[in-house]
Amino acid sequence: MNKIIKDTIAITLITLVSGLLLGLVQDITAGPIAEQQQKAKEEAYKAVFADADSFEQVELTEKVSAGLEACLDENGYGAQNIDEFMTALDASGSQVGYAFTVTTSEGYGGDIQFAMGIREDGTLNGISILSIGETAGLGMKANTDSFKDQFKDKKVEKFEYTKTGAAADDQIDALSGATITTNAMTNGVNAGLCAFQYAEGGNLK
């Protein structure tokens, strides 16, 4: 009986110590990881808005956030989320457009997160993927320039994908064998365009 009690106490102590050590490691690594993620975002924003000198986060009130979410839902982008909403500023501090971090949950391998920049006139500068876990050789081709550049320098209300060859600015060629990834990316970009249109409609107040 004493041996059982001793073993139970030993196991409990080991579990407690392991939990404390794990928590300590998480606390130590949380800061550097967050810094790295923020740095990656800043680099992505610069990649999609090279003309901007700086970026300033838009503080969304509860009312504005609710309105933006409703706008996305109404337009069929309920599986997309605007994680970060930034204004792009030139060297004089004047606004030249917006930059967004978007997450779409429709990827074949789960969430896909990317940054996108849109000029004041509605022209999409391009996209820069931050996180993606699609199938190698198929969905992962979404992170190639040949796919991403299809969105670059386009001024459209929304995009659609085609399997028969893009014939207009608002069309992109689907990734062969990766329609789910193509759909996720297209809806993600369209969600960003929707957020831009929401902002341009004077809804950020």
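Residues numbered from 1 in each chain as written. Predicted model: local features only at pLDDT ≥ 70, side-chain atom pairs only at ≥ 80, totals over all residues. Heavy atoms only, no water.

Draft legend 1. Up close: the side chain of Thr181. Mapping Thr181 onto the fold places it in helix H4 (residues 179-200). Residues contacting Thr181, with those up to four places away along its chain left out, are Tyr108, Ile112, Glu134, Gly139, Ala142 and Leu175. (Helix = DSSP H or I, 4+ residues; strand = E, 2+ residues; numbered from the N terminus. Contact = heavy atoms within 4.5 Å.)

Draft legend 2. Representation of the environment of Val156 within the structure. Looking at the secondary structure, you find Val156 in the loop between helix H3 (145-148) and strand E6 (160-162). We classify Val156 as buried; its relative accessible area is 15%. Spatially, the C-alpha atom of Val156 lies 14 Å from that of Asn187, the residues being 31 residues apart in sequence. For Val156, the residues in contact, after removing those within four places along its chain, are Asp169, Asp170 and Leu193. (Buried < 20%, exposed > 50% of the residue type's maximum accessible area, 1.4 Å probe, protein only.)

Draft legend 3. Region of interest: H4. With 22 residues, H4 should reach 32 Å at 1.5 Å per residue; the first-to-last C-alpha distance of 31 Å fits that figure. Across the 22 residues of H4, 17 count as buried, placing the element largely inside the fold. Where H4 ends, the next residue or the one after it, Gly202, has phi of about 75 degrees, a positive value. (Expected span 1.5 Å × (residues − 1).)

Draft legend 4. How the structure looks around helix H2 (residues 62-74). Counted at 1.5 Å a residue, the expected span for H2 with its 13 residues is 18 Å, and the 18 Å between its end C-alpha atoms agrees. Residues of H2 that are buried: Val64, Leu68, Cys71 and Leu72. Looking down the long axis of H2, one finds its buried residues gathered within 95 degrees of arc, a one-sided arrangement. In H2, those exposed residues whose orientation departs by more than 90 degrees from the buried face are Glu62, Lys63, Glu69 and Glu74. In the core, the buried residues of H2 are packed alongside strand E2 (80-89) and H4. The first or second residue beyond H2 is Gly76, which carries a positive phi of 90 degrees. (Arc of directions from axis to C-beta.)

Draft legend 5. Here's a closer look at the side chain of Asn190. Here Asn190 shows up in helix H4. We classify Asn190 as buried; its relative accessible area is 3%. Look past the residues within four positions of Asn190 in its chain and what remains in contact with it is Tyr77, Lys158 and Phe159.

Draft legend 6. How the structure looks around the packing of aromatic side chains. Counting across every chain of the model gives seven aromatic pairs. For the pair Phe85 and Tyr98, a centre-to-centre distance of 5.6 Å together with 85 degrees between the ring planes defines the contact as edge-to-face. Separated by 13 residues along the polypeptide, Phe85 in strand E2 and Tyr98 in strand E3 (residues 95-107) bring together distant segments of the chain. What makes Phe85 buried here is its relative accessible area of 2%. Tyr98 gets classed as buried once you look at its relative accessible area, which sits at 5%. Centre to centre, the rings of Tyr98 and Phe100 are 6.1 Å apart; their planes meet at 20 degrees, and the pair counts as stacked. (Phe/Tyr/Trp six-rings, centres within 6.5 Å; stacked < 30°, edge-to-face > 60°.)

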